[in-house]
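Structure at a glance
Residues per chain, in single letters:
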Amino acid sequence: MPAQTTYLELSDDSGTAHKFYEVMRSGVQVTITYGRIGTPGQARTTAFPTAQAADAAAQKKIGEKVRKGYAPAVRGVRQRRAVTRRAIASSRSTASQAPVLWRFASGAAAFGIFVDGTGCWVGNQHGDVYTVAHDGTVTSRFRLPDGVKCIVADDFWIYAGCDDGKVYDLSGKVPRVAYEISADVDIYWLDIDDAILGVSDRNGRVTAIDHEDEFQWARDVTGDSAWMVRCDTGAIYHGHSRGVARYDSSDGTPRWQTQVDGNVLFGWQEREAVYAGTGRSRVYRLAKEDGSVEAVYKCDAPVFSCATAPSGRYVFAGDNHSSVYCFDQHGERLWKLGTGCGSAFSMQFIDDRLYIVTTDGTLACIDAGEEAIRAAERGTVPEPLDVKAAASLVAVEPGLTLETTSETGDGIVVECYEDGPRLRVRVSSPGYDAGWRVQFPKDIREPGARYLVEGVRASERGGFYRAFGEIKRIR
C-alpha cells in the first residue's frame, strides 16, 4: 500500500501562528514532521502492531490538529518568515590595546556568551555553539539549526535561544528543544529564572513562558527593538526603545517604568539593581525596587553590552567602536581600552577576567586585573594566544533518537501520560511527588513511554521537577 501523507498548516495574517504539521503513514509506521513553515522541521517515526492501528493513530493526530485550526495546504506556497539580524556597525578603537590573553574565532558574528567557574559558552549566527575552558581550550561543539541569539543559564541548565524560534537545552550530550516560542516572536534576547523564560522581541514586546512551555502572558509596549530582558525571583525587567520596565513574572502586572536617554541595547542585573546600556552612550543603574536611577556611566559611543563585577563593585561596558570601559560603582571612569577584535555584543566578568564576544565572532579573554590594565595603558600587553578548535572535534546536532535500556538502577524513571490534549511527564521512582510535573523535552514524548534520566531536581518555588543530563528510553 503506498504511503499516505497529510500536510497541514496553521498561519494567519497577524503573525500569531506560522507552523506546519505533516503525517505520513506507510504500512505499520507513522512519521510525524512538524515545525515552522519554511524549515525542515523535526520528524519522529512510530511503529504500530498493525496497519489498522497505524491508520487510527494517524487519523487521531490529524483530527487533533484540525480542531486546533490547522488546515490542508501545499508545502512551499507559504514562505518562511524573515528573521532580524542585528546590524553590525563596528569601528576600530583608537584607545590603547586591552591585555587580551587568548581569543577564539567562532566563525561568524556572535551574541551568545555564558561564563561560569567551569568555562565559557559562545554561540554565533551560523548556529555553532562552542564550549571553551578558561585557558582557551575548545572542549566541545554543538551545531544548532539556526543562528544563536543568546546563551543563558538556570542552575544546572544551559539554554541557547535561536532564530528558528526554539530554545535548546545544552545540558546533555545532545541538544534538546526545551521551549518553542510563538511564530510571531522575532527573538532579540532571552533570560530565565527557575524555568520561567522571559523573551524580548523586535516589536518591543515581552513574553513569559512557564516550565511546561505553555504560554503565560505577554505585554505590548509603546517602544520597539527590545534587546533587554532579565529574569529574577518574581520579576522580569524589560528594556526597549522607550526605557526599562518591571513586571511581575507570575502574571505580567506592571510595577514601574523608567525612561532613559536613548534606546536600550543591552541589559544586566545584580541582586538589587538592573543595568541598561543605551544607544546614547550611557549605562544606567536602576533600583529593582522602584526603577529609580542610581548612577549613570558615560561612554564615548553607543553601548552594545555591559556587565558588572559581583555586587556592582565595577561596571563594564562595550561600545560600537571596539572599546571596553571600566567604571567604579558611582560612575567614575577608571579605564578605556580597545579590544582589537571587534565590538563586544555581550560580556561577562569573572575572577578578574572580562570575557567578550564580538561583532566578528571572536570570544576573547581580557585580563582585567589592576596590574595588567596599568601595563596596557602604558602600551605593554601580552601576545594573545589564537585558539583553534581541533579538526577532530565533532559537531553534535539536535536529535530525536534515544538510546534504549532495560536497566533502571543508575537513574530516575519518569513516565509520559496523556492529560487531555497534552502529553505530560511525571516521576515514577520512589521518593518523588507523582503529582508534580516534570520539565522534559516535548519532541521525544510518547504516550505511555518510560524514560531513564541521570537525575531530577526539584523546584521548590515552582512545584515541579526538572530532568537533566542524559535521557534513555526504557525498553
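Summarised in this report is the structure supplied together with it.

Here is what the cut-offs are and how they apply
Residues numbered from 1 in each chain as written. Predicted model: local features only at pLDDT ≥ 70, side-chain atom pairs only at ≥ 80, totals over all residues. Heavy atoms only, no water. Pairing = 2+ DSSP bridges. Helix = DSSP H or I, 4+ residues; strand = E, 2+ residues; numbered from the N terminus. Axes fitted to C-alpha atoms, helices over the stretch in contact; angles between N-to-C directions. Polar contact = N/O pair within 3.5 Å; in protein donor to acceptor, adjacent residues only side chain to side chain. Contact = heavy atoms within 4.5 Å. Phe/Tyr/Trp six-rings, centres within 6.5 Å; stacked < 30°, edge-to-face > 60°. Buried < 20%, exposed > 50% of the residue type's maximum accessible area, 1.4 Å probe, protein only.

Notes on the sheet that holds strand E6 (residues 100–105)
Ordered in space as E31-E32-E33-E6-E34, the five strands form an open sheet in which the pairing is mixed. The open sheet has two edge strands, strand E31 (344–350) and strand E34 (385–387), and neither has a second partner. Recorded for the sheet is a direction-independent mean angle of 20° between the axes of neighbouring strands. For E6 and E34, the ladder comprises three bridges, and the chain directions are parallel. Of the residues in E34, the one forming a bridge with Arg-103 is Asp-386.

Some details on the side chain of Ser-200
Within the secondary structure layout, Ser-200 lies in strand E16 (residues 196–201). One polar contact links the side chain of Ser-200 to the main-chain carbonyl oxygen of Ala-226, over a distance of 2.8 Å. Apart from residues no more than four positions distant in its own chain, Ser-200 is found in contact with Asp-186, Ile-187, Tyr-188, Trp-189, Arg-205, Ala-226, Trp-227, Met-228, Val-229 and His-238.

Overview of the packing of aromatic side chains
In the structure shown here, the tally under the stated rule is 21 aromatic pairs. Between Trp-189 and Phe-266 the ring centres are 5.4 Å apart and the planes differ by 70°, which places this aromatic pair in the edge-to-face class. A residue pair is termed long-range when its members are at least 10 positions apart, and Trp-189 in strand E15 (residues 187–193) and Phe-266 in strand E23 (residues 264–269) qualify at 77 residues. Residue classification places Trp-189 among the buried residues on the basis of a relative accessible area of 5%. We classify Phe-266 as buried; its relative accessible area is 1%.

Some words on the sheet that holds strand E24 (residues 273–278)
Across the sheet, which stays open at both edges, the four strands sit in the order E23-E24-E25-E26 with antiparallel pairing between neighbours. Two strands bound the open sheet, and with one partner strand each, they are E23 and strand E26 (293–298). When the angles between neighbouring strand axes are averaged without regard to direction, this sheet yields 20°. Both strand E25 (residues 282–287) and E26 contribute to a ladder of five bridges, which runs antiparallel. Each residue of the ladder has a partner; that of Arg-282, found in E26, is Lys-298.

Digging into the pairing of strand E32 (residues 353–358)
Most of E32 is tucked away, with five of its six residues classed as buried. For E31 and E32, the ladder comprises six bridges, and the chain directions are antiparallel. For Gln-348, the partnering residue across the bridge sits in E32 and is Tyr-355. Linking E31 back to E32 in an antiparallel pair, the connection comprises two residues, with Asp-351 at a positive phi of about 55°. Pairing of E32 with strand E33 (residues 362–367) involves five bridges; the strand directions are antiparallel. Its bridge partner being in E33, Arg-353 is matched across the sheet by Asp-367. The turn joining E32 and E33, which pair antiparallel and follow one another in sequence, is formed by three residues; a positive phi near 90° is taken by Gly-361.

Concerning the pairing of strand E29 (residues 323–328)
Side-chain positions along a regular strand alternate between the two faces of the sheet. The buried fraction of E29 is high, at six of six residues. Every second residue of E29 is oriented toward a common face, with Ser-323, Tyr-325 and Phe-327 on one face and Val-324, Cys-326 and Asp-328 on the other, all of them buried. Note: strand E28 (residues 314–319) against E29, five bridges, orientation antiparallel. Note that in E29 the partner of Ala-317 across the bridge is Tyr-325. In this structure, the hairpin formed by E28 and E29 is closed by a connection of three residues, where Ser-322 is found at a positive phi of approximately 65°. Note: E29 against strand E30 (residues 333–338), five bridges, orientation antiparallel. Note that in E30 the partner of Tyr-325 across the bridge is Lys-336. Linkage of E29 to E30, two consecutive antiparallel strands, is achieved through a turn of four residues, within which Gly-331 is found at a positive phi near 115°.

Re unusual backbone geometry
Apart from glycine, the bulk of residues carry a negative phi angle, and the bulk of peptide bonds sit in the trans form. The backbone of Ala-195 shows a phi angle near 70°, a positive value even though the residue is not glycine. Mapped onto the elements, Ala-195 comes out in the loop between E15 and E16. Exposure remark for Ala-195: the relative accessible area of 0% places this residue in the buried category. The backbone phi angle of Ser-281 is positive, close to 70°, even though this residue is not glycine. Summarising the element assignment, Ser-281 is placed in the loop between E24 and E25.

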